[in-house]
Amino acid sequence: MADKKILVLDKTQIEQKITRMAYQIWEDNLEESSLVVAGIADYGYILAERLQKQLQQISGIEVELMKIELDKDSSHLKAITDMEIEQCANKVVILIDDVLNSGRTLAYGLGVFLDIPLKKLRTAVLVNRSHRIFPVTPDFTGLELATVTKEHVDVFLTGNKEEDTVYLR
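Read on for a plain summary of the structure. (Residues numbered from 1 in each chain as written. Predicted model: local features only at pLDDT ≥ 70, side-chain atom pairs only at ≥ 80, totals over all residues. Heavy atoms only, no water.)

1. Topic: the pattern of salt bridges
Note the threshold: Salt bridges, as used here, are contacts in which a Lys or Arg side-chain nitrogen is within 4 Å of a carboxyl oxygen on Asp or Glu. Only DSSP runs of H or I covering at least 4 residues are called helices, and only runs of E covering at least 2 are called strands; the numbering of each starts at the N terminus.
Applying the stated rule across the entire model yields seven salt bridges. A salt bridge links arginine 122 to aspartate 28; the nearest nitrogen and oxygen atoms lie 3.1 Å apart. Placement of arginine 122 in strand β6 (residues 120-128) and of aspartate 28 in helix α1 (residues 11-28) is noted, with a sequence separation of 94 residues between them. Here aspartate 164 ties to arginine 50 by a salt bridge, and the two come within 2.3 Å at their closest N and O atoms.

2. What to know about the packing of aromatic side chains
Heads up, the rule is: Here a pair means two rings of Phe, Tyr or Trp (six-membered ring of Trp) with centres within 6.5 Å. Their orientation is stacked below 30 degrees between planes, edge-to-face above 60, and tilted elsewhere. Here's how the labels work: a residue is buried when its accessible area is under 20% of the maximum for its type, exposed when over 50%, partly exposed in between, all with a 1.4 Å probe on protein chains only.
Throughout the structure, instances matching the rule amount to two aromatic pairs. Measuring from centroid to centroid gives 6.1 Å for tyrosine 23 and tryptophan 26, while their planes differ by 45°, and the two rings are tilted. One end of the pair is tyrosine 23 and the other is tryptophan 26, both in helix α1 and three residues apart, which spans about a single turn. You can call tyrosine 23 partly exposed: its relative accessible area is 42%. You can call tryptophan 26 partly exposed: its relative accessible area is 25%. Plain terms: the ring middles of phenylalanine 156 and tyrosine 167 are 6.5 Å apart, the flat faces sit at 65° to each other, and that makes the pair edge-to-face. Linking phenylalanine 156 in strand β8 (residues 153-156) with tyrosine 167 in strand β9 (residues 165-168), this pair joins segments that are 11 residues apart in sequence.

3. With respect to α1
To keep it simple, the criterion reads: How far a helix is expected to stretch is found by multiplying one less than its residue total by 1.5 Å. It is the directions from the helix axis to the C-beta atoms that the arc portrays.
With 18 residues, α1 extends 26 Å from end C-alpha to end C-alpha; this agrees with the ideal 26 Å at 1.5 Å per step. When α1 is considered as a whole, its buried residues turn out to be Ile14, Ile18, Met21, Ala22 and Ile25. Down the axis of α1, the sector holding all buried residues measures 105°, keeping them to one side. Counted as exposed and oriented over 90 degrees from the buried face of α1: Gln16 and Glu27.

4. Describing the sheet that holds β8
The condition that has to hold: Whether two strands pair depends on DSSP finding at least two bridges between them. Orientation is described by axes fitted as lines to C-alpha atoms, over the contacting stretch for helices, and by angles from 0 to 180 degrees between their N-to-C directions. Working rule for contacts: check all heavy atoms of both residues, and any pair within 4.5 Å makes them a contact.
Ordered in space as β1-β9-β8, the three strands form an open sheet in which the pairing is antiparallel. The sheet is open, and its two edges are formed by β1 (6-9) and β8, each paired on a single side. Strand-to-strand twist of the sheet, defined as the mean angle between neighbouring strand axes without regard to direction, takes the value 30°. Relative to β9, β1 is paired through three bridges, and the arrangement is antiparallel. Paired with isoleucine 6 across the bridge in β9 is leucine 168. On the sheet, α1 packs against β1 and β9 and is oriented at approximately 30° with respect to β1.

Written out as structure tokens, the structure reads:
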């Protein structure tokens, strides 16, 4: 039996969510001249790239982009970043992922920044499923989606925005 997929967000709706989240992030950081958006690879990073572009368009804030690669199956933090963590010192950091389910990925992502002083650390996700095991709550959310634990959310963000979708299966 094939998986039944339900379209949750299409390309237009995804763009609308990203735009709204960018305005919320800007509103939360009106006094800032710069901030860092740190996207968790893979789709969290693509979302971070798009939020960076939107923020720069609407706000004039200098937005640095950071990529975080995590070993999500490890029992302890293993992370690689494409810029030195120390470059985030005394700045606002927005940690971004595509879907929040158990909270493990965001918790590991937060761990990357524990040893440096920050002005503020916020989290943003495109879809929040609210099945957390870890005490992580997003500050900025594109869509709150009520699901059962057996369901799965598939986010597809590509270089070609025409193919962007979010499915529930």
